[in-house]
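What follows is the residue order along each chain.
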Amino acid sequence: QVQLVESGGGLVQAGGSLSLSCAASGRSFSSYAMGWFRQAPGKEREFVASIRRSGGNTRYADFVKGRFTISRDNAKNTVYLQMNSLKPADTAVYYCAANSAMSYGSSRIDEYDYWGQGTQVTVSS
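The model shown is predicted, which means the values in this text are computed figures rather than measured ones.

Rules used in this analysis
- Residues numbered from 1 in each chain as written.
- Predicted model: local features only at pLDDT ≥ 70, side-chain atom pairs only at ≥ 80, totals over all residues.
- Heavy atoms only, no water.
- Helix = DSSP H or I, 4+ residues; strand = E, 2+ residues; numbered from the N terminus.
- Buried < 20%, exposed > 50% of the residue type's maximum accessible area, 1.4 Å probe, protein only.
- Core = buried A, V, L, I, M, F, W, Y, C linked by side-chain atoms within 4.5 Å.

### Considerations on unusual backbone geometry
- Even without glycine at this site, asparagine 57 takes up a positive phi of about 45°.
- In this fold, asparagine 57 is placed in the loop between strand S5 (46-51) and strand S6 (59-60).
- Unusually for a residue other than glycine, serine 85 sits at a positive phi of about 50°.
- For serine 85, the location among the structural elements is in the loop between strand S8 (78-83) and strand S9 (92-99).
- Judged by its relative accessible area of 41%, serine 85 falls in the partly exposed class.

### Considering the nonpolar core
- Within the largest apolar cluster, 34 residues are counted, with the highest numbers of intra-cluster contacts made by Met34, Trp36, Val79, Leu81, Met83 and Tyr94.
- Listed by contribution, the elements that provide at least two residues to this core are strand S1 (2-7), strand S3 (18-26), strand S4 (33-39), S5, strand S7 (68-73), S8, S9 and strand S11 (119-124).
- Per-element accounting of this core gives the leading share, five residues, to S9.

Here it is in structure tokens:
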């Protein structure tokens, strides 16, 4: 089992940047592919980005390609999401998630076993 804690959310103006972190504790972090998802008020939770167990093989939702970067440091048990050129439409609660069954990241919510509590990102216009 793994516990996930996100941090780094906050309020930023459109065009600005934020860096989210997700710290993992418990079972070996490198055993999990990791993903970031987000949920805006009144909307379904949606995929943002994922990364395989060893790093690399990253995947992104079309609406963040070229603006967001997912990375991980297995020595620090942490996955990151660097968000640049933020837009008001990026306002949401951002969640990290761990997938134990697959070596590569997935965009499917139901393939993730563990979730953090989320961190709020608010982008003002």
